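# Coordinates in review
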Amino acid sequence: MSPANPFIFLLVSVVVLSGHVATENAPGLELHNAAQQGTFMPAVGLGTGGYALTAGMPGEYWDDAVSEKATSSWLAEGGRRIDTSLSYNDQTGIGRALAAALANGTVKRGDVFITSKIGGGPPGYNETMTEMEKIRSTLQVEYVDLLLMHWPGPVLGFKSTDPNCKHLLDGPKCRQSTWRAMEKIFNDGHAKAIGVSNFEKKHLEDLVEMKSLLPAVDQVEYHIYWHEPELVSYCKSMNITFNGYAPLGTPDWAPKEHSWNSSQLELPLVKSIAAKYSKSPAQVLLRWSWQQQIPVNPRSMNPEHMKENLDIFDFALTTGEIDSLTNVPKPKHAKVCPNPAIYP
């Protein structure tokens, strides 16, 4: 381990951590706070969210056959982290693929890091416990490696039995009640680590206020058009691993939806850096995140792209290149997903 980066595993030899294996070809981060000791999160995961695409759209992850095939391809290419959610409606296909891979010996359960998420917003105590059972059932697993609270604010129209989650303004106490349920899930061994997603600093402070377990992870949108250095710094100060989703800026959706001139993959700067290293534009963008110690969740259903996404550890961007990508001109609507800062 490099003394300058005590949580990064870039080891020539193989190190076994809580059933997961870290090698020089598959680095990652050890999780802290609300995580079993030695829980290791691979640097690159398979994102399976839809990013506001219409549910049921043919060929998307909501099609069980598609999610099953994509997950099987990911595992066959050597991918060992899968990012999903009960609200994505794709866990049945993912569970089938995982069960098949376990049965045929492609992987062992301890080799695969599965992230799932509770609720579209914090659902409350009892609903969290119920959703966890649905997650375990659809994925066909006894535990998940990481369970996240998906969004910090109650969803409009959602009805919870939890008296702390009755109104949109109940955010702080609803988050805390949901977190208590997640702590029980963690203590019961049904999640090796628990964390949050789309939480800004003010939302994290509600959990800090509880003086209990702190999140192991905060999964937040992060790409060259949208990055929050203050939030990243705060997470690092609290030993919360910052995990970036939409690391490529959703090239299949955001450019059209937000009237971008081009996808991030087509930017001249990105293509120029890619040519220099004989890498793809996607690999450059993923490397930009990883050199900031940020694990990434790129979406793909293409086995060749999956292979590329996993192959980002044999080159390094210069400080100047990282700065240039960080400061690339941003479009007016730079963020892909809704801004969680609106939630009280």
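Small disclaimer: the values here were computed from a predicted structure and weren't measured.

## Focus on the overall build of the protein chain
- Counting its regular elements, the protein chain contains eleven helices and 13 strands.
- Counting the 344 residues in the protein chain, one finds 56% classified as buried.
- In the protein chain, the proportion of contacts linking residues at least 24 apart, taken out of those at least 6 apart, comes to 72%.
- With the model as given, the accessible surface of the protein chain reaches about 14300 Å², and the carbon-plus-sulfur share is 54%.

## Things to note about the state of the cysteines
- Tallied over the entire structure, the rule returns one disulfide.
- Each sulfur of the disulfide joining Cys165 and Cys174 lies 2.1 Å from the other. Looking down the S-S bond of the Cys165 and Cys174 bridge, the torsion is 105°, so its handedness is right-handed.
- Note on Cys174: relative accessible area 0%, which makes it buried.

## Overview of the pattern of salt bridges
- For the structure shown, the criterion picks out 13 salt bridges.
- For the salt bridge of Glu142 with Arg136, the shortest nitrogen-to-oxygen distance reads 3.1 Å.
- Classification of Glu142 by relative accessible area gives exposed; the value is 58%.
- When its relative accessible area of 13% is taken as the criterion, Arg136 is described as buried.

## A few points about the sheet that holds strand β13 (residues 296-297)
- Taken together, eight strands build an open sheet; the order of strands is β6-β7-β8-β9-β10-β11-β12-β13 and the sheet is parallel. With one partner strand each, in any of the chains shown, β6 (46-47) and β13 form the two edges of the open sheet.
- As defined by bridge partners, strand β12 (residues 241-245) adjoins β13 across two bridges and the pair is classed as parallel. Looking at β13, one finds that Gly244 is bridged to Val296.
- With respect to the sheet, helix α3 (residues 125-139) is in contact with β8 (113-118) and β9 (146-149), its orientation differing from that of β8 by roughly 145°.

## So, unusual backbone geometry
- Within the chain, Asn239 stands out as a residue other than glycine whose phi angle is a positive 60°.
- One can find Asn239 in the loop between α6 (229-237) and β12.
- Overall, the relative accessible area of 34% leaves Asn239 in the partly exposed class.
- Positive phi outside glycine occurs at Gln293, with the angle close to 65°.
- Residue position: Gln293 is located in the loop between α9 (281-290) and β13.

## Regarding the pairing of strand β10 (residues 194-197)
- Side chains Ile194 and Val196 of β10 all project onto a buried face; the interleaved residues Gly195 and Ser197 project onto the opposite face, where all are buried too.
- Relative to β10, β9 runs parallel, the two sharing three bridges. Bridge pairing in β10 places Met149 opposite Val196.
- Two elements, β10 and strand β11 (residues 217-221), share two bridges in a ladder whose sense is parallel. Following the sheet pairing, Ser197 is matched in β11 by Gln219.
- Taken together, β10, helix α5 (residues 201-208) and β11 constitute a β-α-β crossover, and its handedness is right-handed.

## Points about the packing of aromatic side chains
- Counted by the stated rule, this structure contains six aromatic pairs.
- Measuring from centroid to centroid gives 5.3 Å for Tyr277 and Phe315, while their planes differ by 45°, and the two rings are tilted. Pair noted here: Tyr277 is in helix α8 (residues 268-277) and Phe315 is in the loop between α10 (303-310) and α11 (319-326), with a separation of 38 residues, a long-range link. Across the pair, Phe315 and Tyr277 agree in class, each one buried.
- Through a chain of ring-to-ring contacts, the aromatic side chains of Tyr222, Phe242 and Trp288 assemble into a single cluster.
- Positioned over the ring face of Tyr143 is Arg109, at 4.1 Å from the centre of the ring.
- Over the aromatic face of Phe315 sits the side chain of Arg287, whose NZ or CZ is 5.8 Å from the ring centroid.

## As for the pairing of β11
- For β11, a buried count of five out of five residues is recorded, marking the element as mostly surrounded by other parts of the structure.
- Both β11 and β12 contribute to a ladder of five bridges, which runs parallel. For Glu221, the partnering residue across the bridge sits in β12 and is Tyr245.
- Handedness of the crossover joining β11 and β12 through α6 is recorded here as right-handed.

Conventions used here
- Residues numbered from 1 in each chain as written.
- Predicted model: local features only at pLDDT ≥ 70, side-chain atom pairs only at ≥ 80, totals over all residues.
- Heavy atoms only, no water.
- Helix = DSSP H or I, 4+ residues; strand = E, 2+ residues; numbered from the N terminus.
- Buried < 20%, exposed > 50% of the residue type's maximum accessible area, 1.4 Å probe, protein only.
- Contact = heavy atoms within 4.5 Å.
- Areas by Shrake-Rupley, 256 points an atom, 1.4 Å probe, with all protein chains shown as cover.
- Disulfide = S-S within 2.5 Å.
- Salt bridge = Lys/Arg side-chain N within 4 Å of Asp/Glu carboxyl O.
- Pairing = 2+ DSSP bridges.
- Axes fitted to C-alpha atoms, helices over the stretch in contact; angles between N-to-C directions.
- Right-handed = clockwise from strand over helix to strand, strands pointing away.
- Phe/Tyr/Trp six-rings, centres within 6.5 Å; stacked < 30°, edge-to-face > 60°.
- Lys NZ or Arg CZ within 6 Å of the ring centre and 35° of its normal.

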